[in-house]
Protein chains: 2
Amino acid sequence: MFSNPTCLIFGKDTIKRIGKEIKKRGVKNVLVLYGSGSIFKNGVYDAAVKSLKDNEVGFVQLGGIKPNPVLSKVYEGIKTAMKEKTDGILAIGGGSVIDTAKAIAAGIGYDGDVWDLFEGKAPVKTNVPIFTILTISATGSEMNNGAVITNEGENKKWSIGSPDLFPKASIIDPSVQFSLPWNQTANGAVDAITHVLELYFDKTENNMIMDEYSHAIVKTVLKSTDLLMKNPSDYDARANLALSATLALNKTNSVGRQGGDWSSHWIEHSLSAFYDVAHGAGLAIVMPAWMDYVYAECIHKWVVFAESIFGITAGTPDEKAKAGIAELRKFYKKIQQPTKLSEINVPYEDLPKIAANASMKGKIGNIKRLDQNDILNILKLAY
Amino acid sequence: MFSNPTCLIFGKDTIKRIGKEIKKRGVKNVLVLYGSGSIFKNGVYDAAVKSLKDNEVGFVQLGGIKPNPVLSKVYEGIKTAMKEKTDGILAIGGGSVIDTAKAIAAGIGYDGDVWDLFEGKAPVKTNVPIFTILTISATGSEMNNGAVITNEGENKKWSIGSPDLFPKASIIDPSVQFSLPWNQTANGAVDAITHVLELYFDKTENNMIMDEYSHAIVKTVLKSTDLLMKNPSDYDARANLALSATLALNKTNSVGRQGGDWSSHWIEHSLSAFYDVAHGAGLAIVMPAWMDYVYAECIHKWVVFAESIFGITAGTPDEKAKAGIAELRKFYKKIQQPTKLSEINVPYEDLPKIAANASMKGKIGNIKRLDQNDILNILKLAY
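Attention in this report is confined to the structure presented alongside it. (Residues numbered from 1 in each chain as written. Chains lettered and ligands numbered in written order. Predicted model: local features only at pLDDT ≥ 70, side-chain atom pairs only at ≥ 80, totals over all residues. Heavy atoms only, no water.)

1. Some words on the packing of aromatic side chains
Geometry of an aromatic ring pair is reported as the spacing of the ring centres plus the angle between the planes.
Logical step 1: Evaluation of the coordinates by the stated rule reveals 27 aromatic pairs over all chains.
Logical step 2: Between Y213(A) and Y213(B) the ring centres are 5.1 Å apart and the planes differ by 65°, which places this aromatic pair in the edge-to-face class. On the criterion of chain membership, the pair formed by Y213(A) in helix α7 (residues 208-230) and Y213(B) in helix α7 (residues 208-230) is interchain, its members lying in two chains. Assigned by exposure class, Y213(A) and Y213(B) land together as buried.
Logical step 3: Pairing F274(A) with Y275(A) gives two aromatic rings, centres 6.1 Å apart and planes at 55°, and the pair type is tilted.
Logical step 4: Here the aromatic cluster, defined as three or more aromatic residues joined through ring pairs, consists of Y200(A), F201(A), W290(A), W302(A), F305(A) and F310(A). (Phe/Tyr/Trp six-rings, centres within 6.5 Å; stacked < 30°, edge-to-face > 60°. Helix = DSSP H or I, 4+ residues; strand = E, 2+ residues; numbered from the N terminus. Buried < 20%, exposed > 50% of the residue type's maximum accessible area, 1.4 Å probe, protein only.)

2. Focus: helix α3 (residues 71-84) of chain B
All names here are of chain B.
Logical step 1: Between the first and last C-alpha of α3 there are 20 Å, a value that for 14 residues agrees with the 20 Å anticipated at 1.5 Å per step.
Logical step 2: For α3, the set of buried residues is L71, K73, V74, G77, I78, T80 and A81.
Logical step 3: Each element contacted by the buried residues of α3 is listed here: β2 (29-33), β3 (58-62), α4 (95-108), α5 (115-118) and β6 (146-151).
Logical step 4: Residue K85 follows α3 closely and has a positive phi angle near 55°. (Expected span 1.5 Å × (residues − 1). Contact = heavy atoms within 4.5 Å.)

3. A word on the relation of the copies chain B and chain A
Logical step 1: If you rotate chain B by 180° and push it 0.0 Å along the axis, it lands on chain A with an RMSD of 0.0 Å. Here the symmetry operator amounts to a two-fold rotation axis. No C-alpha of chain B lies nearer the rotation axis than that of P5(B), which sits 2.2 Å from it. (Least-squares fit on C-alpha atoms with pLDDT ≥ 70 in both.)

4. Overview of the interface of chain B and chain A
Logical step 1: Contact residues are listed per partner, giving 32 residues for chain B and 32 residues for chain A.
Logical step 2: Both faces combined, the contact of chain B with chain A buries some 2,600 Å², and carbon together with sulfur accounts for 67% of it.
Logical step 3: Counting the surface chain B buries against chain A, the share from its top three residues, M1(B), M208(B) and I209(B), is 24%.
Logical step 4: Scanning the region where chain B abuts chain A turns up 2 salt bridges.
Logical step 5: Here K219(B) makes a salt bridge to E212(A), at a shortest N to O gap of 3.4 Å.
Logical step 6: Counting every contact that joins chain B to chain A gives 12 residue pairs in polar contact (both at pLDDT 80 or more). (Buried area = accessible area lost by both parts, 1.4 Å probe. Salt bridge = Lys/Arg side-chain N within 4 Å of Asp/Glu carboxyl O. Polar contact = N/O pair within 3.5 Å; in protein donor to acceptor, adjacent residues only side chain to side chain.)

Structure follows, in structure tokens:
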């Protein structure tokens, strides 16, 4: 079953449309969420607020949401929303801000501790409408129904999902990303590629349309990231990267698959639950190591990957698969992402702790079921 | 702006879910539309009716909808729906049946002659929910908001569109298409390819993600149609063709484009307004001729098309473009589609009449604006 009701508004100078989108859905007073405050420098905040005012939408603000967003901030948002009687949420930022918005919406709809929902103790239900203005393309959260939050007290970086969590409308103006620091653009590219590949590498056979669709997204991310290294203000490259990141995880790419293999995300979440590593950077380290460890289980898929994405035509299946993985690492290095745990100062002696965290809910993975020891082996490969 | 709220339910043995989908949206009594009656032979009707009964959804029936669906049938459907006080429509069939359902829904929502809406005299608004069970993959109508109807009295094959016309839920069980006559499978493949290419060939530059997405769909249609010629009951090939046809025109492929160039559809509609030619067969004739006539206006796009779809690497740009068009015609011949008007017994002396019909609303096209004389030239090339 595929369904995605989010209305995507994409292009230059579209932020001014947010007020109308909110108003036409009968929402009168929104909780505006944001992160570090870069939106005050690049004009995004001013454009959004003007549009809210022009459309007589009231608002209260809550800033300071950090990458790898935390549960305490979600509690704070729920409290503010209840106190101020807001009837909708506007997230202005990247995945962290949007995921926080979703968790707040879920929390408002639940009569208990919102973390219960992450623990799977109750289903997520909410009627709080979510709107977003995206300022960094990476997670795809602007057009999907999932959210990842870190319970900082328990070192758990876990997720929720529900049909109620699709944003009603999301605005993507790629030009606001011209001023992003390079590492954020690159982190986003890695995140998008990883999402595609985690859906691509499962044991589904003959899903040609979705495999070709995956190739389309990955090739476009590679090409546009490359162009952006040369010119961060290349609008067409920003637009291609932005739309690719959205499509990478808007559920389309899941159709006819077995749900994918999310081991890399799962392991990375354990990594960023302990260390302040950017999610994309963590994935650039973990996924190639995961591939090294599991590709032999489903080698023909890695052969097609190597051929289709990197044009590798020579060699045995094993050589092609390895060459494909090597090309991916090479690309990550080229865009200045770390590819080893040692590069981000994770102590070697911490690896068992990370492996234990990642296997907290039992075995993970689809290509190969991974237990704690497998995960430790992957972390060692990644070191 | 991209938005598509249709819930797609895809896979083997999914028809039995229709009753629940209708019931959960509060609909109590549906008008069931169908075509020639093949649904009584392949089990689709029985499965659908059982599901309606199991979920206590009442229904009245209206069959006999033909390919190139006509306005008189729309009037009949509106009358039946009003008389029987149905509160939803279930279309079981292909694009003709679904388009008729949309036109009936639009007509119920309009206080006047439904044809006014096709003439653009009033906006399309309706609150009649539409559900579909797809039995032939071709038009993409199961997941879009457009409908094409022929006003047989005036020889006008025209369209409507509205956000209100997206089906609420559409069920696609590719296995019910095993028993399709070959020409219907092939017509559907041509229609899907044409939809993709009419969006692909406009003057938009650097929309890499959507261009790659277009290549993904066309390549999958070519490959799966080929497989189905050998084995019409190849489930994976049916599923790939079905999903590709849906994605070809569910609006995704329009993101960031200038709306495409629909000259081929427009000319074909004039053709099938006069003659009883299958829509796909008409397109197999018209589109390559249109390409012959206009490719020089935007030759670099035809070069990429030839390279990406057919792997053509040798030659000048002009030679590559021509080779790509030749490969497309070759494929259509291979799947037993006509590629010349003379093959379907259109009298040569009728060409001016067809050209006049196709330019009834003025010039058409984006790659090249075509007047009546241009269209006549294309028809001559197609003869």
